[in-house]
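# A look at the structure
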Amino acid sequence: MPKLTIEYQSYPSPSELPVADQELLEAATAALPNSYSPYSKFRVGAAACLQDGTIATGWNTENAAYPMCLCAEPAALAAAANLRPGMPVVAMAITVKSNGQVVDSPASPCGSCRQQLSEHEARFGHQMRLILRGENGPVYELRSASDLLPFGFSADLL
Ligand code: THU
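The following refers to the structure shown. In this text, all values refer to a predicted model and were calculated from it rather than measured experimentally. (Residues numbered from 1 in each chain as written. Predicted model: local features only at pLDDT ≥ 70, side-chain atom pairs only at ≥ 80, totals over all residues. Heavy atoms only, no water.)

## Let's talk about the pattern of salt bridges
Keep this limit in mind: Each salt bridge in this description consists of a side-chain nitrogen of Lys or Arg and a carboxyl oxygen of Asp or Glu lying within 4 Å of one another. The numbering of helices and of strands both runs from the N terminus, where a helix is a DSSP run of H or I of at least 4 residues and a strand a run of E of at least 2. Only protein chains enter the accessibility calculation, which uses a 1.4 Å probe; a residue is then buried when its area is under 20% of its type maximum, exposed when over 50%, and partly exposed in between.
Scanning the model with the defined rule gives five salt bridges in all. In this structure, the salt-bridge partner of aspartate 52 is arginine 84, at a minimum N-O distance of 2.7 Å. One end of the pair, aspartate 52, is in the loop between strand S2 (42-50) and strand S3 (55-59); the other, arginine 84, is in the loop between helix H2 (72-83) and strand S4 (89-98), with 32 residues separating them in the sequence. The exposure class of arginine 84 is partly exposed, given its relative accessible area of 31%. Where glutamate 141 meets arginine 129, a salt bridge forms, and the shortest distance between an N and an O atom there is 2.7 Å. Residue glutamate 141 is located in strand S6 (residues 139-142), and its partner arginine 129 is located in strand S5 (residues 129-133); the two are separated by 12 residues in the primary sequence. Exposure remark for glutamate 141: the relative accessible area of 16% places this residue in the buried category. One continuous salt-bridge network, built from bridges that share partners, spans Asp21, Arg129 and Glu141.

What follows is the structure, given as C-alpha coordinates:
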(Lines give C-alpha, C1' and ligand atoms only; values in the text may rest on other atoms or scores of the structure.)
Protein backbone atom coordinates (compact mmCIF):
# COMPACT_ATOMS: atom_id res chain seq x y z
CA MET A 1 0.00 0.00 0.00
CA PRO A 2 1.39 3.48 -0.85
CA LYS A 3 2.43 5.44 2.18
CA LEU A 4 2.99 9.14 2.75
CA THR A 5 5.46 10.38 5.31
CA ILE A 6 6.46 13.87 6.33
CA GLU A 7 9.74 14.88 7.86
CA TYR A 8 10.14 17.47 10.53
CA GLN A 9 12.85 18.59 12.86
CA SER A 10 12.23 18.87 16.59
CA TYR A 11 14.31 21.20 18.72
CA PRO A 12 14.05 20.93 22.52
CA SER A 13 13.93 24.70 22.88
CA PRO A 14 14.17 27.87 20.74
CA SER A 15 17.78 28.39 21.84
CA GLU A 16 18.73 25.40 19.64
CA LEU A 17 17.45 27.17 16.51
CA PRO A 18 19.63 29.21 14.14
CA VAL A 19 19.61 32.86 15.26
CA ALA A 20 17.46 34.03 12.33
CA ASP A 21 14.76 31.49 13.25
CA GLN A 22 14.96 32.49 16.92
CA GLU A 23 14.32 36.07 15.83
CA LEU A 24 11.40 35.03 13.65
CA LEU A 25 9.85 33.14 16.56
CA GLU A 26 10.44 36.14 18.82
CA ALA A 27 8.60 38.32 16.29
CA ALA A 28 5.65 35.88 16.35
CA THR A 29 5.68 35.96 20.17
CA ALA A 30 5.83 39.76 20.16
CA ALA A 31 2.68 39.78 17.99
CA LEU A 32 0.63 37.84 20.58
CA PRO A 33 -0.49 40.89 22.61
CA ASN A 34 -2.06 42.33 19.43
CA SER A 35 -4.42 39.37 19.16
CA TYR A 36 -8.09 40.31 19.43
CA SER A 37 -9.53 37.07 20.80
CA PRO A 38 -12.14 37.90 23.45
CA TYR A 39 -14.25 34.84 22.56
CA SER A 40 -11.74 32.00 22.45
CA LYS A 41 -9.16 33.74 24.67
CA PHE A 42 -6.63 31.95 22.48
CA ARG A 43 -3.96 34.17 21.01
CA VAL A 44 -2.08 33.23 17.86
CA GLY A 45 0.95 35.13 16.57
CA ALA A 46 2.60 34.58 13.21
CA ALA A 47 5.74 36.09 11.72
CA ALA A 48 6.42 35.82 8.00
CA CYS A 49 9.97 36.09 6.72
CA LEU A 50 10.12 37.46 3.18
CA GLN A 51 12.79 36.45 0.70
CA ASP A 52 14.78 39.63 1.40
CA GLY A 53 14.70 38.96 5.17
CA THR A 54 11.95 41.47 5.97
CA ILE A 55 9.62 40.24 8.71
CA ALA A 56 5.87 40.89 8.73
CA THR A 57 3.63 39.83 11.58
CA GLY A 58 -0.01 38.86 11.98
CA TRP A 59 -2.37 37.78 14.76
CA ASN A 60 -5.85 36.36 15.04
CA THR A 61 -8.79 38.75 15.03
CA GLU A 62 -12.14 37.40 16.16
CA ASN A 63 -15.67 38.60 15.67
CA ALA A 64 -18.96 38.22 17.55
CA ALA A 65 -20.14 36.48 14.37
CA TYR A 66 -17.70 33.62 15.01
CA PRO A 67 -17.08 32.33 11.46
CA MET A 68 -15.71 35.73 10.53
CA CYS A 69 -12.56 35.19 12.60
CA LEU A 70 -9.30 35.92 10.85
CA CYS A 71 -6.44 33.55 11.64
CA ALA A 72 -2.95 34.83 12.35
CA GLU A 73 -1.31 33.09 9.39
CA PRO A 74 -3.25 34.73 6.53
CA ALA A 75 -2.99 38.03 8.43
CA ALA A 76 0.81 37.64 8.35
CA LEU A 77 0.70 36.73 4.64
CA ALA A 78 -1.35 39.86 3.93
CA ALA A 79 1.02 42.04 5.98
CA ALA A 80 3.97 40.57 4.06
CA ALA A 81 2.26 41.19 0.70
CA ASN A 82 1.65 44.76 1.79
CA LEU A 83 5.33 45.32 2.54
CA ARG A 84 6.73 43.47 -0.48
CA PRO A 85 4.13 42.80 -3.16
CA GLY A 86 5.12 39.86 -5.35
CA MET A 87 7.84 38.57 -3.03
CA PRO A 88 7.56 35.05 -1.55
CA VAL A 89 7.37 34.38 2.16
CA VAL A 90 10.11 31.79 2.72
CA ALA A 91 9.50 31.02 6.40
CA MET A 92 6.75 31.53 8.95
CA ALA A 93 6.90 31.17 12.73
CA ILE A 94 3.65 30.49 14.55
CA THR A 95 3.06 30.52 18.28
CA VAL A 96 0.10 30.62 20.63
CA LYS A 97 -0.97 31.62 24.10
CA SER A 98 -4.12 30.29 25.72
CA ASN A 99 -5.92 31.76 28.68
CA GLY A 100 -7.12 28.33 29.72
CA GLN A 101 -3.97 26.22 29.78
CA VAL A 102 -0.25 26.36 29.19
CA VAL A 103 0.25 25.09 25.65
CA ASP A 104 3.51 23.18 25.83
CA SER A 105 3.42 21.45 22.46
CA PRO A 106 3.81 23.11 19.05
CA ALA A 107 0.62 24.59 17.64
CA SER A 108 -0.09 23.67 14.04
CA PRO A 109 -2.03 25.74 11.49
CA CYS A 110 -5.70 24.90 10.95
CA GLY A 111 -6.94 23.37 7.70
CA SER A 112 -7.94 26.67 6.14
CA CYS A 113 -4.52 28.16 6.91
CA ARG A 114 -2.79 25.11 5.45
CA GLN A 115 -4.69 25.65 2.22
CA GLN A 116 -3.67 29.31 2.09
CA LEU A 117 -0.02 28.68 2.97
CA SER A 118 0.10 25.90 0.42
CA GLU A 119 -1.33 28.13 -2.32
CA HIS A 120 1.27 30.79 -1.46
CA GLU A 121 4.00 28.21 -2.07
CA ALA A 122 2.45 27.12 -5.36
CA ARG A 123 1.93 30.69 -6.52
CA PHE A 124 5.50 31.76 -5.86
CA GLY A 125 7.15 28.43 -6.65
CA HIS A 126 8.98 28.58 -3.33
CA GLN A 127 8.72 26.47 -0.21
CA MET A 128 7.82 28.10 3.08
CA ARG A 129 9.52 26.65 6.15
CA LEU A 130 7.33 26.53 9.23
CA ILE A 131 8.61 27.08 12.76
CA LEU A 132 5.95 25.99 15.25
CA ARG A 133 5.88 26.41 19.00
CA GLY A 134 3.39 26.50 21.87
CA GLU A 135 3.87 28.83 24.77
CA ASN A 136 6.63 26.55 26.08
CA GLY A 137 8.31 23.37 25.05
CA PRO A 138 9.84 22.11 21.84
CA VAL A 139 9.93 23.73 18.43
CA TYR A 140 9.01 21.86 15.27
CA GLU A 141 10.42 22.87 11.91
CA LEU A 142 8.88 21.74 8.64
CA ARG A 143 10.56 22.27 5.29
CA SER A 144 7.37 23.17 3.49
CA ALA A 145 3.87 24.27 4.53
CA SER A 146 2.46 21.90 1.89
CA ASP A 147 3.89 18.97 3.85
CA LEU A 148 0.97 19.60 6.23
CA LEU A 149 -1.58 19.24 3.43
CA PRO A 150 -1.17 15.91 1.65
CA PHE A 151 -3.68 15.41 -1.17
CA GLY A 152 -4.58 19.09 -0.92
CA PHE A 153 -6.91 20.71 -3.41
CA SER A 154 -4.87 22.57 -5.99
CA ALA A 155 -5.39 24.84 -8.97
CA ASP A 156 -4.19 22.01 -11.27
CA LEU A 157 -7.74 20.65 -11.14
CA LEU A 158 -9.43 23.85 -12.29
N1 THU B 1 -6.46 30.37 14.91
C2 THU B 1 -5.46 30.93 14.18
O3 THU B 1 -5.22 32.16 14.24
N4 THU B 1 -4.73 30.12 13.38
C5 THU B 1 -4.91 28.78 13.27
O6 THU B 1 -4.26 28.13 12.46
C7 THU B 1 -5.88 28.10 14.14
C8 THU B 1 -6.80 28.97 14.89
C9 THU B 1 -7.27 31.25 15.77
C10 THU B 1 -8.71 31.41 15.33
C11 THU B 1 -9.38 31.76 16.63
O12 THU B 1 -9.29 33.17 16.81
C13 THU B 1 -8.56 31.07 17.70
O14 THU B 1 -7.33 30.74 17.09
C15 THU B 1 -9.19 29.83 18.27
O16 THU B 1 -9.57 28.95 17.27
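## Concerning the site of the ligand
What counts is decided by this rule: If a single non-hydrogen atom of a residue is within 4 Å of a molecule or strand, that residue counts as near it. Polar contacts here mean pairs of N or O atoms no more than 3.5 Å apart (in protein, one a potential hydrogen donor and the other a potential acceptor; neighbouring residues in sequence count only if both atoms are side-chain atoms). Asp, Glu, Lys and Arg are counted as charged, while Ala, Val, Leu, Ile, Met, Phe, Trp, Tyr, Cys and Pro are counted as nonpolar; the rest, among them Gly, fall into the polar class.
Taken together, the residues surrounding the ligand are Ser40, Phe42, Val44, Asn60, Glu62, Cys71, Ala72, Glu73, Pro109, Cys110 and Cys113. Taking glutamate 62, its side chain carries an N or O atom lying 2.5 Å from an oxygen atom of the ligand. Here alanine 72 contributes a backbone N or O atom positioned 2.9 Å from an oxygen atom of the ligand. The set of elements that each furnish at least two residues to the shell around the ligand consists of S2 and H2. Here the shell around the ligand is composed, by residue class, of seven nonpolar, two polar and two charged.

## Looking at the packing of H2 against helix H3 (residues 111-124)
To keep things clear, this is the line we draw: For every element, the axis is a line fit to its C-alpha atoms; helices are fit only across the contacting stretch, and the angle between N-to-C directions ranges from 0 to 180 degrees. Put simply, angles under 35 degrees are roughly parallel, angles over 145 are roughly antiparallel, angles from 65 to 115 are roughly perpendicular, and the rest are oblique. Handedness of each helix crossing follows the sense of rotation of the near helix against the far helix: counterclockwise by less than a right angle gives left-handed, clockwise gives right-handed. What makes two residues a contact is simply this: any of their non-hydrogen atoms within 4.5 Å.
It is at 9 Å that the axes of H2 and H3 come closest, and there the two elements cross at 30 degrees. Judged by the angle between their axes, H2 and H3 are roughly parallel. Of the two possible hands of crossing, H2 and H3 adopt the one that is left-handed. Where H2 abuts H3, its residues Glu73, Pro74 and Leu77 lie against Cys113, Gln116, Leu117 and His120. Across the contact of H2 with H3, the residue classes break down as four nonpolar, two polar and one charged.

## What about the side chain of serine 118?
Relative to the elements of secondary structure, serine 118 occurs in helix H3. Of the residues examined, serine 118 reaches a relative accessible area of 16% and is grouped as buried. Here the side chain of serine 118 touches serine 146 through a polar contact of 3.1 Å, side chain to side chain. Once residues lying within four places of it in the same chain are set aside, the contact partners of serine 118 are Ser146 and Leu149.

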